[in-house]
Amino acid sequence: MSTPQTRSRRLRILLVVLLLAAGAGFFTWWKLFRRVPTYYASPEEHFKYGSIGVEAPAGIPYWIWLVLPRIFPDKLPGPGGYIALGASWEMGREVPIGFTKEIVGIPRVGVNCASCHTASVRTTPADAPKFYLGAPSSRFQAQGYVRFLFACAHDPRFNSATIMREILAIYKMSWVDRFLYRYLIIPFTKRQILQTETRDYYWMPERPDWGPGRTDMNPFQRQVMRLPDDHTIGSTDVMAIWNERAHEGFFHHSDGLNTTLVESVRSAALAAGATKSSIDIPSLDRVQAWLMDLPAPKYPYAIDAALAARGRAVFDSQCAACHAFGGARTGKVVPVSEVGTDRHRVDHWPQSSADAFNHWADGYPWAFHHFRSSNGYVALALDGVWLRAPYLHNGSVPSLTDLLEPQEKRPKVFYRGYDVYDQEHAGFVSSGAEAERTGFRYDTAVPGNSNQGHLYGTDLPAADKRALVEYMKTL
Ligand code: HEC
Ligand code: HEC
């Protein structure tokens, strides 16, 4: 029988239990989910290090991220930690350009646009690299990064004892955090990485290696939309994203799969790991606003002005209709049957996927409406083209000089990912001992890698070709 006393005791116990549960809930939220955005006053710093919303769903806890290369140097392609994956690391920063450190409960590391859209250039092997924001990276190994994480998570040394020992050797962690890392965060991170591999990247082993400065477009359909595997190859070179105001009205992406910059920007964040609920639209709007007037960088070496002037005349007669601002076909899609380049990338994005993406985010204020399928590749404006090597949508031709040769004379095998600039050919050094040692062996015989097609200018006299290359350095 319940007396008023026992009833009030039960009520008190219930209250205590509720308070404890609320406290535990708050503690869990605070320690694991609370997002503290880092604001960078300069738009440039924001581009380099600002979050686009990747950390909550796909971030790696900072302290784990930091010690992984120390525990598993054998799983990286060379010494130097993440630099071995072609990341651009500025002196004194906690993470490389294109990586973010943001608190979601604990500090977590994500990636942003700058990981792929920042180039590094050296004049001689002895120089420090100069970084160019908005340029296509020819060095960053996006695939190498995810493969490194997968390989670490598969290794039995990815355990709380080993990882905590490494962390505590460099950082004095509070006992609460130690407890959380040991029993929750480390086991959960391992599981999350392995799950990402089987759920989002199961298709990857069947596809050719991307190599540095390239990706495969499959994540749009497999990871973001979860469309069934159609076994197509989406190998593609990273593109320049500067000077977007001058590109307004152009088709975006190599095959022109979208007509608006805003949707290209937002969908890129999803492919980079953000989700419907985590995507940071204000941050992306800020990036986009900054890209509008980010100038294409000037060629930093000497240009023979007289030769370039002769080249301009050749360009105007042979190339301008497709490549000059204001050209009749500039920014439009040229059918692959006409341009003749490798067709894997264009076949990879069918109308059914475009339709699916146009409904995928229905109900969200940022839903997509402008995705489409095309039958070819965009004839891009050539602003800053000197820095966009290797050339064509799949990055299959190492230099501008090589692009003006017929396919038989273009290199069949070359090395990508070495950042010393070759002023004579206009591109990066792509052969020789150093390029071979640090670069990725690009074989044009691999499906998706063909260097065929785009034969414009290939039968010009040698003097005209030289002049044309000199002129393109001025763009
Ligand atoms: C993992 C590497 C990677 C990351 C990260 C990345 N991109 Fe890209 N981006 C690419 C590649 C590769 C292409 C070319 C794809 C194709 O074939 O269409 C591209 C193309 C683009 C284009 C189309 C350019 C044009 O002129 O048509 C835009 C715009 C763009 N990216 C913006 C962004 C923004 C903004 C972010 C960050 C939210 C971002 N990208 C993140 C690799 C990346
Ligand atoms: C009929 C239109 C057309 C003409 C004419 C044309 N191009 Fe192109 N160009 C394209 C297309 C389309 C692409 C993209 C092809 C691809 O990536 O597969 C392209 C790509 C390029 C690229 C690679 C850009 C990059 O960022 O990778 C360069 C450089 C280039 N063209 C230079 C020239 C030069 C020089 C001429 C004149 C001798 C010329 N083009 C004539 C349509 C044209």
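Given the structure is predicted, the values throughout are model-derived calculations rather than measurements. Sequence order as written defines residue numbering, which begins from 1 separately in each chain. Chains and ligands are labelled sequentially in the order written, the chains with letters from A and the ligands with numbers from 1. The predicted nature of this model means local features are confined to residues of pLDDT at least 70 and side-chain atom pairs, given and counted, to a pLDDT of 80 or more, with totals for whole chains, interfaces and linings taken over all residues. With hydrogens and water excluded, all non-hydrogen atoms of the structure serve as input to the side-chain values.

Asker: Before we go on, may I ask you to explain the nonpolar core in this structure?
Answerer: What tends to happen in soluble globular proteins is that the nonpolar side chains get buried as a cluster. Buried Ala, Val, Leu, Ile, Met, Phe, Trp, Tyr and Cys residues form a nonpolar core when they are joined through side-chain atoms within 4.5 Å. Three exposure classes are used, based on accessible area relative to the maximum for each residue type with a 1.4 Å probe and protein chains only: buried under 20%, partly exposed in between, and exposed over 50%. Judged by nonpolar contacts, the single largest core of 113 residues is most densely connected at Trp65, Tyr145 and Tyr181. Those domain boundaries reflect an automatic or database domain assignment. Composition of this core by domain shows at least three residues from each of domain 1 (34-292) and domain 2 (305-472). Residue contacts for Tyr145: discarding those within four places in its chain leaves Ile60, Trp65, Tyr82, Leu85, Phe99, Val111 and Phe140. Residues Val334, Val339, Val346 and Ala379 belong to the second largest nonpolar core, which totals six residues. Note on definitions: a residue-residue contact is assigned when non-hydrogen atoms from the two residues lie within 4.5 Å.

Asker: When you look at the coordination of the iron atom of ligand 1 in this model, what are you seeing that I'm missing?
Answerer: By definition of the ideal shapes, a tetrahedral metal site with four donors has angles of 109.5 degrees and an octahedral site with six donors has angles of 90 or 180 degrees. The donor set comprises N, O and S atoms within 2.8 Å of the metal, extended to 3.2 Å for Na, K and Ca; water molecules are omitted, so apparent gaps in a site may simply reflect that omission. Coordination of the iron atom of ligand 1 by the protein involves just one donor, His117 (NE2), at a distance of 2.1 Å. Runs of H or I in DSSP of at least four residues are treated as helices and runs of E of at least two as strands, each being numbered from the N terminus. For His117, the location among the structural elements is in the loop between strand 4 (106-111) and strand 5 (118-121).

Asker: Can you help me understand the environment of Trp290 in this one?
Answerer: Following the sequence through the fold, Trp290 ends up in helix 10 (residues 281-292). Spatially, the C-alpha atoms of Trp290 and Phe220 are 24 Å apart, while their sequence positions differ by 70 residues. For Trp290, the contacting residues outside a window of four places in its chain are Pro43, Glu44, Phe47 and Leu133.

Asker: What is the right way to read helix 10 from this model?
Answerer: For an α-helix, 3.6 residues make a turn, and residues three or four places apart therefore share a direction. A helix is expected to span 1.5 Å for every residue after the first. The end-to-end C-alpha distance of helix 10, which contains twelve residues, comes to 17 Å, matching closely the 16 Å that a straight helix rising 1.5 Å per residue would cover. Of all twelve residues that make up helix 10, nine are buried, and the element is covered over most of its length. Residues of helix 10 that are buried: Ile281, Ser283, Leu284, Arg286, Val287, Gln288, Trp290, Leu291 and Met292. Each polar contact in these results corresponds to two N or O atoms within 3.5 Å; when the atoms are within protein, one needs to be able to donate a hydrogen and the other to accept it, and residues that are neighboring in sequence are counted only if both atoms are side-chain atoms. The backbone nitrogen of Ser283 lies 3.1 Å from a side-chain oxygen of the residue at the head of helix 10, namely Asp280.

Asker: Could you clarify how one ought to interpret the site of ligand 2 in this entry?
Answerer: Working definition: residue near molecule or strand if any one of its non-hydrogen atoms lies within 4 Å of it. What surrounds ligand 2 is a group of 25 residues, the closest being Cys319, Cys322, His323, His393 and His454. A distance of 2.7 Å is found between a nitrogen atom of ligand 2 and a side-chain nitrogen or oxygen belonging to His323. A distance of 3.0 Å separates an oxygen atom of ligand 2 from a polar backbone atom of Leu392. Where the shell around ligand 2 is concerned, the elements lending two or more residues are helix 12 (320-323), helix 13 (336-339), strand 10 (376-378), helix 16 (400-403) and helix 18 (462-472). For the shell around ligand 2, a count of residues per class yields 16 nonpolar, six polar and three charged. Here the nonpolar group is Ala, Val, Leu, Ile, Met, Phe, Trp, Tyr, Cys and Pro; Asp, Glu, Lys and Arg are the charged ones; every other residue, Gly included, is treated as polar.

Asker: Explanation requested: the sheet that holds strand 4 in the structure shown.
Answerer: Backbone hydrogen bonds are what pair the strands of a sheet, in a parallel or an antiparallel way. For two strands to be treated as a pair, DSSP must find no fewer than two bridges joining them. Strand order across the open sheet formed by four strands is 1-3-4-2, with antiparallel pairing between neighbours. Of all strands in the sheet, those with a lone pairing partner are strand 1 (35-36) and strand 2 (60-61), marking the two edges. Sheet topology places strand 2 next to strand 4; two bridges connect them, and they run antiparallel. Considered in strand 4, the bridge of Ile60 is made with Val109.

Asker: Help me understand the coordination of the iron atom of ligand 2 in this model?
Answerer: With distances of 1.9 to 2.0 Å, the protein atoms coordinating the iron atom of ligand 2 are His323 (NE2) and His454 (NE2). Note on geometry labels: four donors, all angles 85 to 135 degrees, give tetrahedral; four donors become square planar and six octahedral when opposite donors are over 155 degrees apart and every other angle is between 65 and 115; remaining cases are irregular. In this structure, the iron atom of ligand 2 is coordinated by six donor atoms arranged in octahedral fashion, with angles at the metal of 86 to 179 degrees. Note that His323 is positioned in helix 12 and His454 in the loop between strand 14 (440-443) and helix 18, a separation of 131 residues in sequence. Assessed through its relative accessible area of 17%, His323 is described here as buried.

Asker: Hey, could you run me through the site of ligand 1 in this one?
Answerer: Taken together, the neighbourhood of ligand 1 is formed by 25 residues, with Cys113, Cys116, His117, Thr236 and His253 sitting nearest. Here an oxygen atom of ligand 1 sits 2.5 Å away from a polar atom, N or O, in the side chain of Thr236. At a separation of 2.9 Å, an oxygen atom of ligand 1 approaches a polar side-chain atom of Arg345. Only strand 8 (235-237) and helix 9 (261-271) provide two or more residues apiece to the shell around ligand 1. Its residues assigned to classes, the shell around ligand 1 comprises 14 nonpolar, nine polar and two charged.

Asker: Mind showing me how you'd approach the packing of helix 1 (residues 4-33) against helix 7 (residues 175-200) here?
Answerer: When two helices pack together, their arrangement is captured by the angle between the axes and the distance separating the axes. Their axes nearest at 12 Å, the elements helix 1 and helix 7 cross at an angle of 80 degrees. By the angle between their directions, the pair helix 1 and helix 7 is classed as roughly perpendicular. Residues Phe27, Lys31 and Leu32 of helix 1 lie in contact with helix 7, whose contacting residues are Val176, Asp177, Leu180, Leu184 and Ile185. For the contact of helix 1 with helix 7, the per-class residue count stands at six nonpolar, no polar and two charged. Convention adopted: a line fitted to C-alpha atoms gives each axis, helices being fitted over their contacting stretch, and angles between N-to-C directions are expressed from 0 to 180 degrees. For classification purposes, an angle smaller than 35 degrees is called roughly parallel, one larger than 145 roughly antiparallel, one from 65 to 115 roughly perpendicular, and anything else oblique.

Asker: What exactly am I supposed to notice about the packing of helix 5 (residues 142-154) against helix 7 here?
Answerer: As a packed pair, helix 5 and helix 7 sit with axes 9 Å apart at the nearest point and diverge in direction by 125 degrees. It follows from the interaxial angle that helix 5 and helix 7 lie oblique. Two packed elements cross with a definite hand, and for helix 5 against helix 7 that hand is left-handed. Between helix 5, through Leu149, Phe150, Ala153 and His154, and helix 7, the contact on the second element is made entirely by Lys190, Ile193, Leu194, Thr196 and Glu197. When its residues are assigned to classes, the contact of helix 5 with helix 7 shows five nonpolar, two polar and two charged. Left-handed describes a crossing in which the near helix is turned anticlockwise from the far one by less than a right angle; the clockwise case is right-handed.

Asker: How should I be thinking about the environment of Ile64 in this particular structure?
Answerer: Here Ile64 shows up in helix 4 (residues 62-71). Given a relative accessible area of 0%, Ile64 falls into the buried group. Put simply, Ile64 and Lys298 are 234 residues apart on the chain and 40 Å apart in space, counted from C-alpha to C-alpha. Apart from the residues within four sequence positions on either side, Ile64 is in contact with Phe158, Ile163, Ile167, Tyr181, Ile185, Ile186 and Thr189.

Asker: Mind showing me how you'd approach unusual backbone geometry here?
Answerer: Glycine aside, a negative phi is what most residues show, and trans is what most peptide bonds show. Note that the residue after Ala389, namely Pro390, is joined by a cis bond; omega there is -10 degrees. Mapped onto the fold, Pro390 is located in the loop between strand 10 and helix 16. Even without glycine at this site, Arg226 takes up a positive phi of about 60 degrees. When its relative accessible area of 45% is taken as the criterion, Arg226 is described as partly exposed. Positive phi, normally seen in glycine, also occurs at Asn243, with a value near 55 degrees. Relative to the elements of secondary structure, Asn243 occurs in the loop between strand 8 and helix 9.

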